[in-house]
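# Chain and residue survey
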Amino acid sequence: DVKVTQSSRYLVKRTGEKVFLECVQDMDHENMFWYRQDPGLGLRLIYFSYDVKMKEKGDIPEGYSVSREKKERFSLILESASTNQTSMYLCASSSAWTGARTGELFFGEGSRLTVL
Amino acid sequence: ELKVEQNPLFLSMQEGKNYTIYCNYSTTSDRLYWYRQDPGKSLESLFVLLSNGAVKQEGRLMASLDTKARLSTLHITAAVHDLSATYFCAVARWETSGSRLTFGEGTQLTVNP
């Protein structure tokens, strides 16, 4: 089974702190994604990566950055956390969308971040 | 810009009844996904629909895709309490750098005894 592991399930940080959210997948997937989920807004794509050291902005990249130094690991960084970044953050991975591959996303358990 | 709309957003139904959740999307795509999310949990993949006319069934849930109408449906047959969850559809689009999914707002389903 695909396993996507997020390092922290719950975090509480203060405004202005730097926050790292780590995500590791064990299925050799090429693609990795960071979403945030907020009530009434569904899932919104923050950043994604199709390969090591590559990154693409999603729909709401402002205030975030990412790092993908190894294929299995994709980190989301909040350089200076703000209260409006309080949210549930979901990491996902998928195989490349080629041939018979479905492009289906596999999600981690989520990291609930509270910024005070 | 790809927009994905689900309706209804909230659905309360009685056990044993049938109902359909609709997912409309705004631009051409031939790949659509349905996910389930239980409260406090992450998203679990239910169905992957890869072509026009695709139909998938699992237990009391059946999903279909009409790419010409840009519409997918998730049909619930004889609902049971265990189906209470939030259901998301997601539509894939291809960009020069690869594929990405855009999600609908989710349909919160409550099945009452």
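Here, every reference points to the structure presented above.
Treat the numbers as computed from the prediction; the structure is a model and nothing was measured.

### Points about the sheet that holds strand 3 (residues 19–25) of chain A
Residues and elements named next belong to chain A. Across the sheet, which stays open at both edges, the four strands sit in the order 1-3-8-7 with antiparallel pairing between neighbours. Bordering the open sheet on either side are strand 1 (4–6) and strand 7 (65–70), each of which pairs with just one other strand. Pairwise comparison of adjacent strand axes, ignoring direction, gives a mean angle of 20° for this sheet. Bridge count between strand 1 and strand 3: three bridges; the pairing is antiparallel. The residue bridging Val4 from the neighbouring strand is Gln25, located in strand 3.

### Comments concerning the interface of chain A and chain B
Reports often express the size of an interface as the amount of accessible area lost when the parts come together. Counting from both sides, the interface comprises 24 residues of chain A and, opposite them, 25 residues of chain B. Where chain A abuts chain B, roughly 2000 Å² becomes buried across the two surfaces, and 54% of that area is made up of carbon and sulfur atoms. At the surface where chain A touches chain B, the tally comes to one salt bridge. Counting across the chain A and chain B interface gives six residue pairs in polar contact (both at pLDDT 80 or more). The element best represented in the side of chain A that touches chain B is strand 5 (residues 42–49) of chain A, accounting for four residues. Along the lines of polarity and charge, the residues of the side of chain A that touches chain B split into 10 nonpolar, seven polar and seven charged.

### Considering the layout of surface pockets
In this structure, the largest pocket occupies an estimated 600 Å³ of space. Of the residues assigned to the lining of the largest pocket, the class counts are nine nonpolar, 12 polar and five charged. Of the pockets and cavities examined, the second largest pocket occupies roughly 320 Å³. Contributing to the lining of the second largest pocket are 17 residues, with Asp59 of chain A together with Glu1, Leu2, Thr102 and Phe103 of chain B lying nearest its centre. Across the lining of the second largest pocket, the residue classes break down as eight nonpolar, two polar and seven charged.

Criteria and thresholds
Residues numbered from 1 in each chain as written. Chains lettered and ligands numbered in written order. Predicted model: local features only at pLDDT ≥ 70, side-chain atom pairs only at ≥ 80, totals over all residues. Heavy atoms only, no water. Pairing = 2+ DSSP bridges. Helix = DSSP H or I, 4+ residues; strand = E, 2+ residues; numbered from the N terminus. Axes fitted to C-alpha atoms, helices over the stretch in contact; angles between N-to-C directions. Contact = heavy atoms within 4.5 Å. Buried area = accessible area lost by both parts, 1.4 Å probe. Salt bridge = Lys/Arg side-chain N within 4 Å of Asp/Glu carboxyl O. Polar contact = N/O pair within 3.5 Å; in protein donor to acceptor, adjacent residues only side chain to side chain. Nonpolar A, V, L, I, M, F, W, Y, C, P; charged D, E, K, R; others polar. 1 Å grid on protein atoms, 1.4 Å probe; cavity = no way out; pocket = protein on both sides within 12 Å on 5 of 7 lines; lining within 4 Å. Points joined across faces, edges and corners; volume = space filled by probe spheres on them.

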